[in-house]
Amino acid sequence: MTRLGIDFCGATLEALGSGALFWPAERLLVVSDLHLGKSARLAAQGGALLPPYEGRETLLRLERDLEATGARRVVCLGDSFDAAGIDLLLPEEDRLWIARLQAGRDWMWIEGNHDPGPVSLGGTHLAELDLGGLVLRHIAKPGARGEVSGHYHPKARLVLRGGRVISRACFLVDEARLLMPAYGAYTGGLRTDSPALAGLMEAGARAILTGAVPLAIPMPR
Amino acid sequence: MLFLGRRAPIYEACPTCPSLLTSGSPRVAGACTRTSVPCWRGAGAPALLLIAPTGGGKTLAGFLPTLAELTETPRTGLHTLYVSPLKALAADIRRNLLIPIEEAGLPIRVEDRTGDTSSSRKRRQRAHPPHILLTTPESLALLTSYEDAPRIFAGLQRVVVDEIHALAESKRGDQLMLALARLQRLCPGLRRVGLSATVEDPQAIARLLARHPDPCEIVEADPGPEPDISMLHTEAAPPWSGGGAAHAIPAVLEQVRRHRTTLIFHNTRAQAEIFFHKLWLANEEALPIGIHHGSLDRGQREKVEAAMVRGDLRAIVCTGSLDLGIDWGDVDLVIQIGAPKNVKRLVQRIGRANHRYNAPSKALLVPANRFEVVECLAALEAVRARDLDGERRGSGPRDVLCQHILIAACAGPFEADALYAEMTTAGAYAGLSRAAFDDCLMFCATGGYALRAYDQWQRLKQREDGLWQLRDPRSAARIRQNIGTIQDSDTLKVRYRGRGGAPLGEIEEGFAAQLTRGDTFLIGGQIVRYEGLREMVVQVSRDAHRKPKIATFMGTKFATSTQLSERILRLFQQEDWPGLPEHTADWLHLQREVSRLPQPGRLLIESFPHDGREQLVVYGFAGRNAMQTLGLLLTKRMEEEGLAPMGFVATDYAVLIWGLDAIIDPGPLFDLAALEAGLEGWLAGNAVMKRTFRASATIAGLIERNIGGQRKTGRQATMSSDILYDTLVKYDPDHLLLQITREEAMRGLVDFARIREMCQRVEGRIDLVRLARLSPLSAPLFLEPGRVPIRGSAEARLLEEEVGALLREAGLWEIGA
């Protein structure tokens, strides 16, 4: 998988086309907003029964990224689970799969707004993580520097020559912060020109589009 | 007659009419027309289909037995249910029924119930149903979903389905007939009456209407005199391509001047808007002209309708929104702009202009471009020959079935056997196998996935006594919110900026997304300036000076029917074309000289260099959707053969493909088996399939349009349905919804059936004509919008190009390089 290098607050990071972020110096892979168990949560609430395959889809992608990068540490940057306690309802197959991925790796669950409590699966549960001059947390804090966060599910919309419109999940990065795209299969997105994102990012911010090849463009506002 | 007032009652009162009715109200007496007599005779039949031309007064005829029965035997409770495809029609019929009922002092309560009815009123209606309830298929489906449905419908005697020909063409009709099957079980003596405009196959409608396998009486009223229909002569020749018909504005205005009220029909809303705008600019005498289409705000539409009924308007620019229902006063001319695409619809539209039942309807066709001149001539001949066309509908779609199962579950616990037996009494589902029904039931209950993930969270659960019921009773509310089969494209309301400005109408979200501040577009005949989006409402301001960007309302793009296409091919075979204007006849002569004219039973292909590319034109005459699919499949085959196609554009009659290499031997490209094999692979990742999936998944209840009253924005809906589709294709390719999607696409947007038909008609008789330059018949294709670039590496190249340009512009070359 092609990666795109990002120099961010003194750290050399790599954005993956899948939406994961790799930090080679720390052998650390960061993924955000997996929203595992979303279909189960909706079903439990008496709603539609969505295809129960988003766990497989998300974990398959994660497994490939772990193999490709050789990461020894994994940070799931919050909203890893779609609702508190939903980890208990995941198909046994998916729970075993996560355990397999965790074997031999240092695994950290950062808490998100959807999954504030500790989880039944292995790994450490943290509010946030300070590491090598960066801080990793779920929701961006005003005025923070060197912060890697998730939560917003940013996506960029681009009109190509001839009028074709594409919309892709993206990283957003400026001098102070880096926002992660949602990694989970069943996740919608917030457009980069929405007030929440436009207000958060500095003027020179870039968007890195996910896809077969990650591509950097000025953040569409 | 009743609905028009102005229309003279031309038939004497019918002898079987109860004197009570005829003496009480002169209007009711007047309504006893030739069309109503058979209604009386058939009043006791379990099913009766009345076919009469538009404006024949058939609606009242449908009600006469009800009025008589209720007068002779006064009672409480629901007696007759009236279902129409339009909300407006239900309200209008109520007003019109009340007049004679009050005049004659009949003790009959009439109420309508649609999406616009207030909830307090709806509650009252459930507690104390009126004698006559006027409603729509969706509101009826909702009514049947209540636990007290048996009480609401107790004593129901008759159901009148108005405009059944229109309902028969869509899933709304399928849903309605499933609801009637339910009602029939509640009220075994229920009698059904269908009212239909002229159709090509009354038997098909009758099968839909009657309880299977009951017989259905069919009564066809006198079709009336031959319509007076011709092509409008214009000073200027129509352009080579496009659909605006701007050249015809002066001639159309002249016709408006000469007639009392003219309806000017268009095939799409966008064309109606543009035409109205231009007509208004040319309207120096300020003749009162209005516009009416489905994207306009309801209030705006009602104003136009009221003005029309009062006779205040000289012309109304409209779309299919005026195809149905209300008889609009004194219309004495119908103008159809653009080729009608379908003869049956044309005939129904023409019927809008018979202001007197015994006078001929007058209509003018205005071809919007040169090819449509030929198509209009073919349509004229078909109307004169009373040769109506129609696409055969297959068996009832299963997504509607799934929704019906969920509706049944809302009403209370049900027995699978009984529900299956009930459903198969609906004509469209008569052939439904038990296995197919069980698949649908399983889908509703568990999601029907190969991975059985929802044992704990089933939507429907089977109880110990064998009955099925909702696991969570609260889900009934969500199911009810999503009842219906209408797939309106996602639209946003448009308002003037400022204190809750008046709503102007709606535009498609996809169109709104392209707008940036300062862009202008047309809506309701006015040019407005886009100011921004606030709380999902498009804010605009007035702007009279700019040239508008074109509003791309979705507007249905009809495909030219098979029958009409064949007529055009036959017309090409004539020696000369005295029926055509000279400019068009000359064009065809030149084509014959330079190349050939397409023939029935053969497939003409032209190949020539143009514009630095090799061009291939396939005159398939299979209708827009099928030609679009053919373009996609052919370019795919060409790519496999290394023939480097670069793009294509399709119309109703031809597909133009451009690429790097000339085609020498087209035969292998048209191998049906290879095309079909290509279809399978191509379909999976195709946008058409995703759109079709989204529609079926919404109907079947997998995607919820409305959650807790909050409508999801189209953007989110688009995204999640595409992801669901991709996930299913990958992990559960045999899933019921993918089966349904394939079925739907094959007969809908993909229309592969017509490609198959074309290949079988041609049987390998392919004529390849190599030319030095483009041919007269192909020339308009080069002006056609909607060119499709071949996907794959092309899109990646375009994206790189765009990224490069953006980076250069921003001085960011170093990043990511």
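Being a predicted model, the structure only gives us computed values, none of them experimental.

About the thresholds
Residues numbered from 1 in each chain as written. Chains lettered and ligands numbered in written order. Predicted model: local features only at pLDDT ≥ 70, side-chain atom pairs only at ≥ 80, totals over all residues. Helix = DSSP H or I, 4+ residues; strand = E, 2+ residues; numbered from the N terminus. Rg over C-alpha atoms; globule rule 2.2 N^0.38 Å. Buried ≥ 20, exposed ≤ 12 C-beta atoms within 10 Å, placed from the backbone. Contact = placed C-beta atoms within 7 Å. Expected span 1.5 Å × (residues − 1). Domains from an automatic or database assignment. Nonpolar A, V, L, I, M, F, W, Y, C, P; charged D, E, K, R; others polar. UniProt positions renumbered as here; feature names shortened; annotations may be inferred. Axes fitted to C-alpha atoms, helices over the stretch in contact; angles between N-to-C directions. Parallel < 35°, antiparallel > 145°, perpendicular 65-115°, else oblique. Left-handed = near helix turned anticlockwise from the far one by under 90°. Pairing = 2+ DSSP bridges. Arc of directions from axis to C-beta. pLDDT = per-residue confidence, 0-100.

A. Representation of the overall build of chain A. Broken down by element type, chain A carries four helices and 16 strands. Rg of the C-alpha trace for chain A: 17 Å, near the compact-globule value of 17 Å for 221 residues, within the 12% margin. Across its three principal directions, the C-alpha atoms of chain A cover 45 × 40 × 35 Å.

B. Here's a closer look at the overall build of chain B. Broken down by element type, chain B carries 30 helices and 28 strands. Relative to its 817 residues, chain B shows a buried fraction of 49%. Counting contacts in chain B only where the partners sit at least 6 residues apart, residues at least 24 apart contribute 74% of the total.

C. Main features of the interface of chain A and chain B. Counting from both sides, the interface comprises 28 residues of chain A and, opposite them, 36 residues of chain B. Per element, the largest residue contribution to the side of chain A that touches chain B is four residues, and it comes from strand E16 (residues 215–218) of chain A.

D. Structural context of helix H5 (residues 87–103) of chain B. Residue and element names in this part refer to chain B. Here H5 is 17 residues long and its end C-alpha atoms lie 25 Å apart, about the 24 Å a rise of 1.5 Å per residue gives. All of the buried residues in H5 are Lys87, Leu89, Ala90, Asp92, Ile93, Asn96, Leu97, Pro100 and Ile101. At the C-terminal side of H5, Gly105 shows a positive phi close to 60°.

E. Looking closely at the domain arrangement of chain B. Residues and elements named next belong to chain B. Splitting chain B by domain gives domain 1 (19–220), domain 2 (228–384), domain 3 (398–481), domain 4 (491–542) and domain 5 (595–786). For domain 1 and domain 3, the distance between their C-alpha centroids amounts to 28 Å. Every contact between the two is made by 21 residues of domain 1 and, on the other side, 15 residues of domain 3. Per-element accounting of the side of domain 1 that touches domain 3 gives the leading share, nine residues, to helix H10 (residues 171–186). Its residues assigned to classes, the side of domain 1 that touches domain 3 shows nine nonpolar, five polar and seven charged.

F. Examining the UniProt feature "domain: Calcineurin-like phosphoesterase" (unreviewed entry) in chain A more closely. Here, UniProt's "domain: Calcineurin-like phosphoesterase" (unreviewed entry) annotation points to residues 27–121 of chain A. As a span, residues 27–121 of chain A carries 36% helix and 14% strand, and end to end its C-alpha atoms are 22 Å apart.

G. View of the environment of B:Leu64. Its place among the elements puts B:Leu64 in helix H4 (residues 58–72). Separated by 21 residues in sequence, B:Leu64 and B:Ala43 have C-alpha atoms that sit 9.1 Å apart.

H. Expanded view of the packing of helix H17 (residues 398–411) of chain B against helix H19 (residues 434–446) of chain B. All names here are of chain B. Their axes nearest at 9 Å, the elements H17 and H19 cross at an angle of 55°. In terms of orientation, H17 and H19 fall into the oblique class. Of the two possible hands of crossing, H17 and H19 adopt the one that is right-handed. Contacts between H17 and H19 involve Arg398, Leu401, Cys402, Ile405 and Leu406 from the former and Ala436, Cys440, Leu441, Phe443 and Cys444 from the latter.

I. The packing of helix H15 (residues 343–350) of chain B against helix H16 (residues 370–384) of chain B, seen in detail. Residue and element names in this part refer to chain B. Contact geometry for H15 and H16: axes closest at 10 Å, N-to-C directions at 70°. In terms of their interaxial angle, H15 and H16 are classed as roughly perpendicular. Counting all contacts with H15, which are made through Val343, Leu346 and Val347, the residues of H16 involved are Ala379, Ala382 and Val383. Of the residues in the contact of H15 with H16, the class split is six nonpolar, no polar and no charged.

J. Highlighting unusual backbone geometry. All names here are of chain B. Following His212, the chain continues into Pro213 via a peptide bond in cis, with omega recorded as 0°. Considering the arrangement of structural elements, one finds Pro213 in the loop between helix H11 (202–209) and strand E7 (217–220). Here the phi dihedral of Ala286 falls at roughly 55°; this positive angle occurs in a residue that is not glycine. Along the chain, Ala286 turns up in the loop between helix H13 (269–282) and strand E10 (289–292). A count of 7 C-beta atoms within 10 Å places Ala286 in the exposed class.

K. The sheet that holds E10(B), seen in detail. All names here are of chain B. Taken in spatial order, the six strands of this open sheet run E8-E13-E12-E9-E11-E10, and their pairing is parallel. Each edge of the open sheet carries a strand with a single partner, namely strand E8 (228–231) and E10. When the angles between neighbouring strand axes are averaged without regard to direction, this sheet yields 20°. As paired strands, strand E12 (residues 331–337) and strand E13 (residues 362–366) are joined by four bridges and run parallel to one another. The residue bridging Ile335 from the neighbouring strand is Leu364, located in E13. Packing against the sheet, H13 makes contact with E10, strand E11 (315–318) and E12, and its axis sits at approximately 150° to E11.

L. Region of the structure containing the sheet that holds strand E6 (residues 106–110) of chain A. Residue and element names in this part refer to chain A. Ordered by their spatial adjacency, seven strands build an open sheet running E1-E2-E3-E4-E5-E6-E7, and the pairing between neighbours is mixed. Two strands bound the open sheet, and with one partner strand each, they are strand E1 (3–8) and strand E7 (124–126). Strand-to-strand twist in this sheet, taken as the mean axis angle between neighbours without regard to direction, amounts to 25°. Pairing of E1 with strand E2 (residues 11–16), which is carried by six bridges, proceeds in the antiparallel orientation. Each residue of the ladder has a partner; that of Phe8, found in E2, is Ala11. Helix H2 (residues 54–69) rests against E2, strand E3 (21–23) and strand E4 (28–31) of the sheet, and its axis sits at about 155° to E4.

M. Local environment of the pairing of strand E21 (residues 603–610) of chain B. Residue and element names in this part refer to chain B. Note: E21 against strand E27 (residues 766–770), five bridges, orientation parallel. Along E27, the bridge assignment pairs Ser607 with Arg770. The pairing of E21 with strand E22 (residues 613–619) spans seven bridges and is antiparallel. Following the sheet pairing, Leu604 is matched in E22 by Tyr619. Counting the residues between successive antiparallel strands, the hairpin from E21 to E22 contains two residues, one of them, Asp611, with a positive phi of roughly 60°.

N. The arrangement of the environment of B:His404 in detail. Residue and element names in this part refer to chain B. When you line up the elements, His404 lands in helix H17. Counting along the chain gives 267 residues from His404 to Pro137, while the straight-line C-alpha distance between them is 12 Å. Once residues lying within four places of it in the same chain are set aside, the contact partners of His404 are Gln175 and Leu178.

O. Summary view of the pairing of E13(B). Residue and element names in this part refer to chain B. Burial within E13 is extensive, with five of its five residues counted as buried. The pairing of E8 with E13 spans four bridges and is parallel. Bridge pairing in E13 links Met231 to Leu365.

P. Broad picture of helix H14 (residues 298–309) of chain B. All names here are of chain B. Here H14 contains twelve residues, and its C-alpha end-to-end distance of 16 Å stays within 8% of the 16 Å for a straight helix at 1.5 Å per residue. All buried positions along H14 are accounted for by Gln300, Arg301, Val304 and Met308. The buried residues of H14 occupy an angular sector of 100° when the element is viewed end-on, so they sit on one face. Those residues of H14 that are exposed and aimed more than 90 degrees away from the buried face are Arg298, Gly299 and Ala306.

Q. Structural context of the confidence of the model for chain B. Residue and element names in this part refer to chain B. Scored by pLDDT, chain B comes out at a mean of 83, with 84% of its residues at no less than 70. Residue range residues 1–15 is modelled with pLDDT below 50. Its contacts to residues more than four positions away, or to other chains, number 38 contacts. This model gives residues 813–817 a pLDDT under 50, and the stretch forms eight contacts once residues within four places in sequence are excluded. Prediction confidence for the complex, expressed as pTM and ipTM, is 0.82 and 0.87 respectively.

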